[in-house]
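Residues per chain, in single letters:
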Amino acid sequence: MLKLTDTQSLILSRAATRPGNLAMPLPDGLHGAAAKKVVTMMTDRGWLEEVDVDLRKGEPLWRETGDGHGTTLVATASGLEAIGIEPVVAQVTAAVRKARTQKAAPSASDTSAQRAGTKQAQVIEMLQRPDGASLKEIVAATAWLPHTARAVISSALKKRLGLPITSQKEQGRGTVYRLPSA
């Protein structure tokens, strides 16, 4: 069995009792450079792992990576083995955690990710038409300002939902946005 410090064994044993083997929050009194040193040593040995976290869900944060994203710490299978937890149990909990974090991006035809009747769903329907939808048409249909319509297309639809929206300037219509039908 490996020789762990009291702090390391405390972090790992607490992580073993938490859902998803979360190592956060760290023990009271462990802050700043001392916390960074302990966590760096444990990640180098493969006992802890940094995983992406959704700050909007209030998940515990280890460090912020910018743009509203951050990472948290979870105990790995080898970390749990280091404190004497059976390898099979450690592997099962690690597999469950990885399965939860691997989400497929919804496709244009995936309407389960959309609530019916919303303005966003209306815009998606307009973009799926063979002739697409111009910015003026989207503004008229939703009563949004032009900058709001552009923001929804670039942020909510392209980035968050991962939809392959194309844009093209057409004579007489201006910028026309299209979403290829699946």
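Computed from a predicted model, the values in this text were never measured in an experiment. (Residues numbered from 1 in each chain as written. Predicted model: local features only at pLDDT ≥ 70, side-chain atom pairs only at ≥ 80, totals over all residues. Heavy atoms only, no water.)

As a further point, take the confidence of the model for the protein. Scored by pLDDT, the protein has a mean of 80; 78% of the residues are at 70 or more. Taken element by element, the predicted model of the protein shows its lowest mean pLDDT in helix 4 (residues 87-101) (59) and its highest in strand 4 (residues 133-134) (93). In the model, residues 104-112 has pLDDT below 50 throughout and makes 10 contacts with residues more than four positions away in sequence or in other chains. (pLDDT = per-residue confidence, 0-100. Helix = DSSP H or I, 4+ residues; strand = E, 2+ residues; numbered from the N terminus. Contact = heavy atoms within 4.5 Å.)

What follows deals with the sheet that holds strand 5 (residues 166-170). Strand order in the open sheet formed by 3 strands is 4-6-5, with antiparallel pairing between adjacent strands. Looking at which strands have only one partner, the edges of the open sheet turn out to be strand 4 and strand 5. Across 5 bridges, the pairing between strand 5 and strand 6 (residues 174-178) is antiparallel. Bridging across to strand 6, E170 finds its partner in G174. (Pairing = 2+ DSSP bridges.)

The topology assignment puts A23 in the loop between helix 1 (6-17) and helix 2 (32-44). For A23, a relative accessible area of 2% gives the class buried. The sequence separation of A23 and V39 amounts to 16 residues, and the corresponding C-alpha distance is 9.9 Å. Not counting residues within four places of it along the chain, the set of residues in contact with A23 comprises I11, A15, R18, L48, L73 and V74. (Buried < 20%, exposed > 50% of the residue type's maximum accessible area, 1.4 Å probe, protein only.)

In this section: helix 2. Taking 1.5 Å of rise per residue, 13 residues should cover 18 Å, and helix 2 covers 18 Å from first to last C-alpha, within 8% of that figure. Positive phi shows up at G46, right after helix 2, with a value of about 85°. (Expected span 1.5 Å × (residues − 1).)

A complete count under the given rule lists 6 salt bridges for this structure. In this structure, the salt-bridge partner of R129 is D131, at a minimum N-O distance of 3.9 Å. For D131, a relative accessible area of 39% corresponds to the partly exposed category. Salt bridges sharing common partners tie together R129, D131, E137, E170, R173 and R178. (Salt bridge = Lys/Arg side-chain N within 4 Å of Asp/Glu carboxyl O.)

On to unusual backbone geometry, then. Omega for the bond connecting M24 with P25 falls within 30 degrees of zero, at -5°, which places this linkage in the cis form. As for its placement among the helices and strands, P25 is situated in the loop between helix 1 and helix 2.

Bringing helix 7 (residues 146-160) into the picture now. Under the 1.5 Å per step criterion, the end-to-end length of helix 7 is 20 Å for 15 residues, consistent within 8% with the ideal 21 Å. Where helix 7 bends most, at V152, the angle is about 30°. Of the positions making up helix 7, those classed as buried are A149, V152, I153, A156 and L157. Contact partners of the buried residues in helix 7: helix 5 (119-127), helix 6 (135-142) and strand 6. (Bend = angle between axes of the 7 residues up to and from the residue.)

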